[in-house]
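# A closer look at the structure
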Amino acid sequence: MSFIETIKDRARQSRKTIVLPESMEIRTLEATAQILTEDICDVILIGDEDEINSVATNLDISGATIINPNSFEQMDTYIAKLVELREQKGMTLEKAGEILKTDALYLGVMMVKMGYADGMVAGAVNSTANVLRPSLQILKTAPNTKLVSSFFVMVVPNCEFGHQGTFIYSDCGLVQNPDAEELATIAGSSAKSFRNLVGVEPIVGMLSHSTKGSASHPDVDKVVEATRIAKSLYPEYKIDGEFQSDAAIVPSIGAAKAPGNEIAGKANVLVFPDLDAANICYKLTERLAKADAYGPITQGIAKPVNDLSRGCTAEDIVGVVAITAVQAQ
């Protein structure tokens, strides 16, 4: 099976509930219909049922649970919990009630916090900042994780590199210019995500415009230091660098540029030195190699909340929901 079909199959084996708060967006509703048809997971939509159904013309979303904030029977409990979580930041009952009844993103995250849902996916019409703000305020970071970052699963057709053409690219969406410690954390989180989602051993290449000292620059020094820290913090994973991208994934070039290195030419997890490089590369890979790009997927939040590209298709949403369901397992 393809990567995403394998993910869907894994999601079916341990059924989870994912909340989709952008229920007035047609792509969300098209994705909901497909998710229910393929029996991937249970879906919660937030909004007025009549209004949602008026948008979902000719779509069968009858299997979804629709929660209207104005009649949600557990709303008082949620309001009290939000006050408890944010009281030191000035949260009051009145303010919490207003937020949860008018902002579906906050209500969706609270559903995850309260165990009513196992994860949330949004971002088709909301910015990354708006999606992640309630997640970081309410769910916070996972234990032993210092940084929330993101990645794309890239599935490149007819590709002999990576794991059968499958890679993780990180961080393509969140951390603008990570320092060495942050870059090391991204490497460890990405390795864990690759093992969890792809199910094989992660081999992490720390990318640069230099391979093992071929260039001298502070930007190279950052990657060298990040590699040292990552290898120290995550000895359970194969991590090395600094590598140019071809030396990281092409065996013959890896052997020529870093002879004797067990990771050069074999990497399936690519950690980029900054957001510019990562974002540019994933989009070029997607367009030029006609790769499937699943993400951005977040890592490091206590429970799975994932952001979508605002240019996503319904099929993209289905894929991210399936990944989110597997993360929740």
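Described in the following lines is the structure provided in the data block. None of these values were measured; they are calculated from a predicted model.

### Describing the overall build of the protein
When its secondary structure is counted, the protein shows 13 helices and 11 strands. Against the 2.2 N^0.38 benchmark of 20 Å for 329 residues, the protein shows a C-alpha radius of gyration of 21 Å, consistent with a compact globule. Its C-alpha atoms give the protein principal-axis dimensions of about 65 × 45 × 30 Å. Considering only intrachain contacts with a sequence separation of at least 6, the fraction spanning at least 24 residues in the protein is 71%. Accessible surface computed for the protein: about 14,500 Å², of which carbon and sulfur atoms make up 47%.

### Considering the sheet that holds strand β6 (residues 166-170)
Taken together, the six strands give an open sheet; going across it, the order is β8-β7-β9-β6-β5-β10, and neighbouring strands pair in mixed fashion. Both edges of this open sheet fall to β8 (238-243) and β10 (292-299), since each of them pairs with a single strand only. Going from strand to strand, the sheet's axes swing by 25 degrees on average, the running direction of each strand aside. Here strand β5 (residues 149-155) runs beside β6; their pairing, made up of five bridges, is antiparallel.

### Concerning a nonpolar patch on the surface
Taken together, the side chains of I280, L284 and L288 define a hydrophobic patch exposed on the protein surface, amounting to about 330 Å² of accessible area. With respect to the helices and strands, L284 occurs in helix α12 (residues 275-288). Residue L284 is classed as partly exposed on the basis of its relative accessible area, which comes to 47%.

### With respect to the pattern of salt bridges
Summed over the entire model, instances satisfying the criterion amount to 13 salt bridges. Each of E5, K8, R12, E38 and E315 takes part in a single network of salt bridges with overlapping partners.

### Some points on the layout of surface pockets
Taken as a whole, the largest pocket spans an internal volume of roughly 660 Å³. Lining the largest pocket are 30 residues, and of these T145, S189, K192, Q299 and G300 sit closest to its centre. Grouping the constituent residues of the lining of the largest pocket by class yields 13 nonpolar, 11 polar and six charged.

### Some words on the sheet that holds strand β1 (residues 17-20)
The sheet built from five strands is open, its strands ordered β3-β2-β1-β4-β11 with parallel pairing. Each of the sheet's edge strands pairs with one partner strand only, and the pair in question is β3 (65-67) and β11 (305-307). Strand after strand, the sheet turns through a mean of 25 degrees between neighbouring axes, direction not considered. Looking at chain direction, β1 and strand β2 (residues 42-46) are connected through four bridges and run parallel. Pairing of T17 across the sheet is with D42, part of β2. Contacts between helix α7 (residues 128-139) and the sheet are confined to β4 (119-122) and β11, with β11 contributing the most and set at about 165 degrees to the helix. The strands touched by helix α13 (residues 314-327) are β1, β4 and β11; relative to β4, the strand with the most contacts, the crossing angle is about 160 degrees.

### Some remarks on the packing of helix α5 (residues 93-102) against helix α6 (residues 104-113)
Running from N to C, α5 and α6 cross one another at 100 degrees; their axes reach a closest spacing of 5 Å. Here α6 runs roughly perpendicular to α5, going by the angle between their axes. Note on element contacts: α6 touches α5 through A104, Y106, L107 and M110, opposite I99, L100 and T102. Looking at the contact of α5 with α6, its residues break down into six nonpolar, one polar and no charged.

### Structural notes on the side chain of S210
One can find S210 in the loop between β7 (203-207) and α9 (218-233). The contact partners of S210, leaving out residues within four places of it in the chain, are A215, V220, E242, F243 and Q244.

### What to know about the pairing of β10
Within β10, seven of the eight residues are buried, which leaves the element mostly enclosed by the surrounding structure. Inspection of the sheet shows β5 paired to β10 by six bridges, in the antiparallel sense. By the bridge assignment, M154 is partnered in β10 with A293.

### A few points about the packing of aromatic side chains
Enumeration according to the criterion identifies six aromatic pairs in this entry. On the numbers, 5.1 Å between centres and 90 degrees between planes, the contact of F72 with Y78 is edge-to-face. Aromatic ring contacts, followed pair by pair, group F72, Y78 and Y116 into a single cluster.

### Let's talk about α7
Between its first and last C-alpha, α7 extends 16 Å over 12 residues, near the 16 Å set by a 1.5 Å rise per residue. Those residues of α7 that sit buried are V131, L132, P134, S135, Q137, I138 and L139. In this structure, the buried side of α7 is in contact with α4 (75-86), α6, β4, β10 and β11. Residue K140 follows α7 closely and has a positive phi angle near 65 degrees.

### Considerations on the side chain of E242
For E242, the position within the fold is in strand β8. Here E242 sits buried without a salt bridge, and the closest side chain of opposite charge, K212, lies 5.3 Å off (N-O distance). Reaching out from E242, the side chain makes a polar contact with the side chain of S210 at a distance of 2.8 Å. Among residues more than four places away in sequence, those in contact with E242 are M206, S208, S210, T211, K212, G213, S214, V220, V223 and V224.

Procedures and definitions
- Residues numbered from 1 in each chain as written.
- Predicted model: local features only at pLDDT ≥ 70, side-chain atom pairs only at ≥ 80, totals over all residues.
- Heavy atoms only, no water.
- Helix = DSSP H or I, 4+ residues; strand = E, 2+ residues; numbered from the N terminus.
- Rg over C-alpha atoms; globule rule 2.2 N^0.38 Å.
- Contact = heavy atoms within 4.5 Å.
- Areas by Shrake-Rupley, 256 points an atom, 1.4 Å probe, with all protein chains shown as cover.
- Pairing = 2+ DSSP bridges.
- Axes fitted to C-alpha atoms, helices over the stretch in contact; angles between N-to-C directions.
- Patch = residues over 30% accessible without salt bridge, like charges linked within 9 Å, V, L, I, M, F, W, Y side chains within 5 Å.
- Salt bridge = Lys/Arg side-chain N within 4 Å of Asp/Glu carboxyl O.
- Buried < 20%, exposed > 50% of the residue type's maximum accessible area, 1.4 Å probe, protein only.
- 1 Å grid on protein atoms, 1.4 Å probe; cavity = no way out; pocket = protein on both sides within 12 Å on 5 of 7 lines; lining within 4 Å.
- Points joined across faces, edges and corners; volume = space filled by probe spheres on them.
- Nonpolar A, V, L, I, M, F, W, Y, C, P; charged D, E, K, R; others polar.
- Parallel < 35°, antiparallel > 145°, perpendicular 65-115°, else oblique.
- Phe/Tyr/Trp six-rings, centres within 6.5 Å; stacked < 30°, edge-to-face > 60°.
- Expected span 1.5 Å × (residues − 1).
- Lys, Arg positive; Asp, Glu negative; His and termini not counted.
- Polar contact = N/O pair within 3.5 Å; in protein donor to acceptor, adjacent residues only side chain to side chain.

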